[in-house]
Amino acid sequence: MHVDISLLGGFAVVVDGRAVAAHAWARRSAATLVKVLALRPGRQLPREQLVDLLWPDLLLEQAAPRLHKAAHYARAAVGVPSAVVLAGDVVRLLPDAEVAVDVERFDRAAGDPASVGEAIDLYGGDLLPEDLYEPWADAERERLRVSYLELLRSAGRWADLVAAEPLDEEAHLRLVQQHVDGGRRSQALRQLEAMARTWRGELGAEPGPAARALHARAQAMPPVEPPSAAPGASASRVPRPATATVGRDADVAAVLSLLEGHRLVTLLGIGGVGKTRLAAEVAHAWGQATSRRTCYVDLTKVADAGLVAELTVSELGIRSGDNSNVVQMLEEALQRQDLLLVLDNFEHVVEAADLVAEMLQWSTDLRVLVTSRARLRVAGEHVHEVHPLAVESSDGTGGLADAVALFDQVATAVDPHFELARHTADVVAICRAVDGLPLAIEIAGGHLRTLSPSLLRERLTSRLGSAAGAGRDLPDRQQTIPATIDWSLQLLGPAEQHLFGLFTVFHGAVPLEAVEAVWADGDVVDPLSVLVDHSLVRRTTGNRNEPRFGMLALVRDHAARLVDGDREAARAAHAAYFSSWLDDLYERRWTDATYRWLDDISEMLQEVRAAHTWAARTGDLPLTARITAALGAYWFLEGNHAEGLRWIDEMLAVEGRLDPYISARIHLAAGFMAFPSSRPEARTHWERATVLFRELGATRLVAYGLAVTSATYIGDVEQTGLAMRTNDEALALGRGVGSPALVAQVLNIRGELTRVAGRDEEAREAYEEGLQISGDLGDEMYVSVFLSNLSYLADHRGDHEEARRLTHQALRICWSQGRRLMAAWTVSQLAGPEHALGRPELGAVLVGAGDEALRVLGARRHPGDVPEHDRVVAALRSALGDERFEELRAEGARLTLDQVLARVLDGDGGVDEAVHEPVENC
């Protein structure tokens, strides 16, 4: 018999390949006995010493019955009569078995200089984290941790060492040094900033002179690209459940089997049955088994079916730029994709079912896994019904039923001293009362901190049997969750009940500050903590790992029906908060990297839309206008143009009633909406905004208005003088107000104006200064823009290898960030240096691929790029002849943007061959 015992990172026992279930250790004393013995040499201890460790307050005679009982339950859990042997004065663990303890394996590897890497891999986490306050584990935990940290240090695993010990100064500095030595300026600066935050938060001090010296070296480095990413690497990850999934192994296997033979599978079941968790388990299993990509789309983020394509594009890691046809964009992104797409919570956007059917037509290698409370009813759909967990054991062995095992898992997390064996009858009754519905079990188990299992059973079953619970026009099973929520509320105090009602004004997971904004009764942390403990509110993390708080849609829907009284005050507070939040972001955008404030708005977009809807419905014109004014650049860069135009037109229609400052910002936003199609119209709006900002003394916005106005003259040779004077003033004002992000944007426009006018040296100075600023900000989006523009100048002066290298750098950033519009512009730009380096065929293919990508995106070429593009196309036609050029351009147009990017960026050696392969076969 072979037994594996794991203690690092958590306790687990495996007997002859069979894992001992967590619920088998319902008796805490049994698990503790095994842990203590497993940690001792030879897995044995004198009886008296063992008793002193486990029951230090008892005499040996008093503790003896407890020891015998713990040993009995340990034998039962392991399933071996000789698992714990009490012979004479010694207690032994598994004396007749071949036993492997991970701590012993770690110690052996750690003592062998040739096995350092193996030892590091064996360290699955600190010793027994569930026993942090047990004296018998403290010294050993610290010894092992120190050994692990020293191994990381000896191996030079500085990133791992920083993660394990955030206050290790040497590890931080070595990691920064690695970034500096590797030319990774942005990563070095970010690591130094993370170090400074840790020092300030933990030590109340700044890092020392060594860190300051490295900071100066990093600042002096030229900005460079981030590491390249694989296509679609930014697609959203499938959420990984925080706890072990109970009772779904058969479901996972069945769904995987369905996916092997069918391309659309719908997990169908009532709310709270665990469809999302099952989908996550299936997606992870699918990815491990096939090595294929997966992408997760949480459809609770959108309010109607018309936004499904937009959200899916975003979760695929694609930036829509100025594209207004996101369906077309989604089609291009999915063409020939070998991908599992998980569409979660489809029932409230079921009108988008036809879109799912279209997705499957766009790519024959795409598979879609949907969770829903209703069928999609489209061709090819195969349904797997997800049922509640079984309340009675069906294996004939007398083992725990799945529902009971889940309750045990929840209960143990709430109360580590919970012993299922003492409360089995009550637990079975509770699980039966909620029909084995997982969410109801979780909510019920959350009350064990305040109620005993017997009292919980009494309260729960009486509530479920009440008229209030039975009077709803829903199937019997669907009455479980509402009834569970009802009695949960009765167990809460007035403050918690009030906050529960207020939470219905939110449409997703929000920061703590948003919750505080709608709460007017003092500190919100205490009642919020109670709601989180009872699973009525879920804590998640935001895009920067900040805490977020939200309700499951099922809970929110029921709460909205339950809550009495007027919630208009909370809605007003919600709208006011998110309006102020947008104002704060608007200020931050002048000093922060572009992608950060864009991502922040995207994360809270449904709350912003709800705030705008409320403000418009109630006739609060100032609030409606403030929200609209804050989004112009966001719409321009991220899409949603139809929404932007509609909101802006509504505000322009009542401009005379607006505050002048807001009116100016509305014109600024209107200019962004007009710029892609009509530069004269954009100029009119921006000039009007600039006049208003001057009158108001808003210097920074005057600079911004002048800068974007100057951009409308790019390529207008007759107005170059006016454009440069306008840009000169914008640059001077921007430098004066100390807004680096603004200065970088002004410099980019300046570079465009001078480059198109043939003044390359002035353009180079503008681009290089802007590149330096953007690199300092960590603004990789603008770094790619400057690299791309500098490649034009390298091409002009005949340094075609440099032009190609810079364009590749820019493309890698665009690709890694999912900014398809910029990638489409830039891939055509690569045609110039490729032609100059003697590869005109490749250049023609790239022109065709870029043109087609822009067509699919519904976008125009940037004004500053048009003359360059026309010059290269003319040169290619001359070199190849019109007929051959058109053949090759058509070949390029048959490549998706992902395909052409993968080929041109597939290392320095195989670029030509990779792209020429389809050309030679045409």
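Trainee: Teacher, can you tell me more about the overall build of the protein chain here?
Mentor: Counting secondary structure elements, the protein chain contains 46 helices and 14 strands. Expressed along its principal axes, the backbone C-alpha trace of the protein chain runs to roughly 100 × 70 × 60 Å. Burial statistics for the protein chain: of 922 residues in total, 54% are counted as buried. Total accessible area on the protein chain stands at roughly 38,300 Å², and carbon and sulfur atoms take up 50% of it. Between the centroid of the 93 positive side chains of the protein chain and the centroid of its 133 negative side chains there is a distance of 1 Å.

Trainee: Got a minute to help me understand the nonpolar core in this structure?
Mentor: Generally speaking, nonpolar side chains in soluble globular proteins are found buried as a group. With 145 residues, the main nonpolar core has F500, F503, F506, F578, L631 and L668 as its most contacted residues. Top element by residues in this core is helix α32 (residues 660-674). It accounts for nine residues. In this view, F503 contacts V515, L528, V537, F549, G550 and M551; residues no more than four positions away in its chain are not counted. Counting 61 residues, the second largest nonpolar core, distinct from the first, contains V13, V34, V36 and A70.

Trainee: I would appreciate a short explanation of the pattern of salt bridges in the present structure.
Mentor: Applying the stated criterion to the full structure yields 53 salt bridges. Between D131 and K35 there is a salt bridge, with its nearest N and O atoms 2.8 Å apart. Of this pair, D131 sits in the loop between α5 (116-122) and α6 (135-155) while K35 sits in helix α1 (residues 28-39), and the two are 96 residues apart along the sequence. Here D131 matches K35 in class, with each residue buried. The salt bridge involving E392 is made with R432; its shortest N-O contact spans 2.4 Å. You can see E392 sitting in the loop between β12 (381-385) and α16 (402-414) and its partner R432 sitting in helix α17 (residues 424-433), a full 40 residues away along the chain.

Trainee: What's the story with the side chain of D795 in this structure? I'm lost.
Mentor: Note that D795 resides in helix α38 (residues 780-796). For D795, the side chain forms a polar contact with the side chain of H800, separated by 2.7 Å. For D795, the contacting residues outside a window of four places in its chain are H800, A803, G832, P833, A836 and R871.

Trainee: Please explain the packing of helix α39 (residues 800-817) against helix α40 (residues 820-829) as it appears in this structure.
Mentor: Two measures define how a pair of helices packs: the angle their axes make with one another and the distance between the axes. Where α39 contacts α40, the two axes come as close as 9 Å, and the packing angle between them is 160°. In this view, α39 runs roughly antiparallel relative to α40, as classed from their interaxial angle. Every pair of crossing elements has a handedness; the one defined by α39 and α40 is left-handed. Packed against α39, whose contacting residues are T807, A810, L811 and C814, the element α40 presents M822, A823, T826, V827 and Q829 at the interface. For the contact of α39 with α40, the residue count by class is six nonpolar, three polar and no charged.

Trainee: Explanation requested: the environment of E802 in the structure shown.
Mentor: Counting through the fold element by element, E802 comes out in helix α39. E802 sits in the partly exposed class, given a relative accessible area of 23%. When the C-alpha positions of E802 and Y634 are compared, they lie 33 Å apart, and in sequence the two are 168 residues distant. Setting aside chain neighbours within four positions, we find E802 in contact with A794 and R797.

Trainee: Just checking my understanding: could you explain the pairing of strand β9 (residues 293-298) for this structure?
Mentor: Two faces belong to every sheet, and in a regular strand the side chains alternate between them. Across the six residues of β9, five count as buried, placing the element largely inside the fold. Where β9 lies against strand β10 (residues 339-344), six bridges are found, and the strand directions are parallel. The residue bridging D298 from the neighbouring strand is D344, located in β10.

Trainee: Before we go on, may I ask you to explain a negative patch on the surface in this structure?
Mentor: A contiguous patch of negative charge, built from E513, E516, D523 and D526, is present on the exposed surface. Here D523 shows up in the loop between α23 (512-518) and α24 (525-533). Residue classification places D523 among the exposed residues on the basis of a relative accessible area of 52%.

Trainee: Just checking my understanding: could you explain the sheet that holds strand β8 (residues 264-268) for this structure?
Mentor: Within a sheet, each strand pairs with its neighbour through backbone hydrogen bonds, oriented either parallel or antiparallel. The strand order across the open sheet formed by five strands is β9-β10-β11-β8-β12, and the pairing between neighbours is parallel. Each end of this open sheet is capped by a strand with a single partner; those strands are β9 and β12. Each neighbouring strand pair of the sheet contributes to a mean axis angle of 20°, computed without reference to strand direction. Taken together, the five bridges between β8 and strand β11 (residues 366-372) define a ladder with parallel strand orientation. If you follow L268 over to β11, its bridge partner there is S372. The strands touched by helix α13 (residues 308-315) are β9 and β10; relative to β9, the strand with the most contacts, the crossing angle is about 135°.

Quick notes on the rules
- Throughout, a residue's number is its position along its own chain's written sequence, starting from 1.
- Per-residue local features of the predicted model are confined to residues with pLDDT of at least 70, and side-chain atom pairs are confined, for both listing and counting, to 80 or more; whole-chain, interface and lining totals are unaffected and use all residues.
- Hydrogens are left out, water is left out, and the side-chain values use all remaining heavy atoms of the structure.
- A run of DSSP states H or I qualifies as a helix once it reaches four residues; a run of E qualifies as a strand once it reaches two. Both are numbered from the N-terminal end.
- Whether a residue is buried, partly exposed or exposed follows from its accessible area with a 1.4 Å probe, protein chains only, as a fraction of its type maximum: under 20%, in between, or over 50%, in that order.
- Note on areas: these come from Shrake-Rupley sampling with a 1.4 Å probe, and a residue is covered only by the protein chains present in the view.
- For the purpose of charge, His is not counted, nor are the chain termini; Lys and Arg are scored as positive and Asp and Glu as negative.
- By convention, charge coordinates are those of NZ in Lys, CZ in Arg, CG in Asp, or CD in Glu.
- Among the buried residues, those of types Ala, Val, Leu, Ile, Met, Phe, Trp, Tyr and Cys that are joined through side-chain atoms within 4.5 Å form a nonpolar core.
- By the convention used here, residues are in contact when the closest approach between their heavy atoms is within 4.5 Å.
- Salt bridges are counted wherever a side-chain nitrogen of Lys or Arg sits within 4 Å of a carboxyl oxygen of Asp or Glu.
- N or O atoms within 3.5 Å of each other form a polar contact, as long as, within protein, one can give a hydrogen and the other can take it, and as long as residues adjacent in sequence are counted only when both atoms are side-chain atoms.
- Angles run from 0 to 180 degrees between N-to-C directions of axes, and those axes are lines fitted to C-alpha atoms, restricted for helices to the stretch in contact.
- Note that the term roughly parallel is reserved for angles under 35 degrees, roughly antiparallel for angles over 145, roughly perpendicular for angles of 65 to 115, and oblique for everything else.
- Left-handed is the label given to a crossing in which the near helix is rotated counterclockwise from the far helix by less than a right angle, and right-handed is the label when the rotation is clockwise.
- For this classification, Asp, Glu, Lys and Arg are treated as charged, while Ala, Val, Leu, Ile, Met, Phe, Trp, Tyr, Cys and Pro are nonpolar and the rest, including Gly, are polar.
- One bridge is not enough; two strands pair if DSSP finds at least two bridges between them.
- To count toward a patch, a residue needs a relative accessible area above 30% and no salt bridge. Like charges then connect within 9 Å, nonpolar side chains (Val, Leu, Ile, Met, Phe, Trp, Tyr) within 5 Å.

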